[in-house]
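The lines below spell out each chain.
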Amino acid sequence: MWYVIQVRSGTEERIVDGCKRQLCDGEAVFTPMLEMQRRVHGEEIVEQKPLFVGYVFFDTQDVEGLFFRLKRVSGFTKILQVDKEFTPISVEEREVIERLRDDENVVRMSEGYKEGDRVVITSGPLVGMESRIKKVNRAKRQAVLELSLMGEVREVTLGLRVLNKE
């Protein structure tokens, strides 16, 4: 089951590295990253940022044991809970994240085009998820999506190249 720990923003990758030393067989720790493309001084650069800023994910069957092992990790704050119980993310939330990310835990850029007011995704992880897109910023090559995490709806920004205008 996937559990989420909250960490200070900007420390996600450092915490993942520290947590890897505390894992047992069959456990995994990761922070889903998103790939963004932007233009700097006329050059295209691709950068990666956390999909959910301030959160790290664990795949474990022993959350209690994990909690005590994580206390040794500098920067660990807390495992998210519901009603004072460690609670995994829902199956639906996990499926959406798994669908978006690749084998390297990165949500790659998608491509699409506008057809009137509608965005049609032709390639990438957003294929079939057009209904979740709330806003597109063509100039910044971004799409804002609504995703749920721990039952809370959050807006996340993903990379989207809009190839042509209608």
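Attention here is on the structure that accompanies the text. Bear in mind that the values here come from a model prediction, so they are computed numbers and not experimental data. Within any chain, residue numbers begin from 1 and follow the written order of that chain's sequence. Where totals are concerned, whole chains, interfaces and linings use all residues; where local detail is concerned, this predicted model gives features only for residues with pLDDT of at least 70, and gives and counts side-chain atom pairs only at 80 or more. To obtain the side-chain values, all non-hydrogen atoms of the structure were included, while hydrogens and water were left out.

Once that is clear, we can look at helix α1 (residues 12-20). Of all the residues in α1, the buried ones are E12, I15, V16, G18 and C19. Looking straight down α1, one finds that the buried residues subtend no more than 165 degrees of arc, so they occupy a single side. Its buried side turned inward, α1 meets β1 (2-6), β2 (28-30), β4 (43-50), β5 (55-59) and α2 (63-70). Only protein chains enter the accessibility calculation, which uses a 1.4 Å probe; a residue whose area is less than 20% of its type maximum is buried, one above 50% is exposed, and one in between is partly exposed. In this description a helix means any DSSP run of H or I spanning at least four residues, a strand means any run of E spanning at least two, and both kinds are numbered starting from the N terminus. The directions considered for the arc run from the helix axis to the C-beta atoms. Contact definition: two residues touch when any of their heavy atoms are within 4.5 Å.

This part is about the pairing of strand β13 (residues 142-149). When DSSP finds at least two bridges between two strands, those strands are taken to pair. Bridge count between strand β12 (residues 133-137) and β13: four bridges; the pairing is antiparallel. Bridged to K135 within β13 is V144. The turn joining β12 and β13, which pair antiparallel and follow one another in sequence, is formed by four residues; a positive phi near 60 degrees is taken by R141. Where β13 and strand β14 (residues 152-162) come together, eight bridges link them in antiparallel fashion. The residue of β14 that forms the bridge with L149 is E152.

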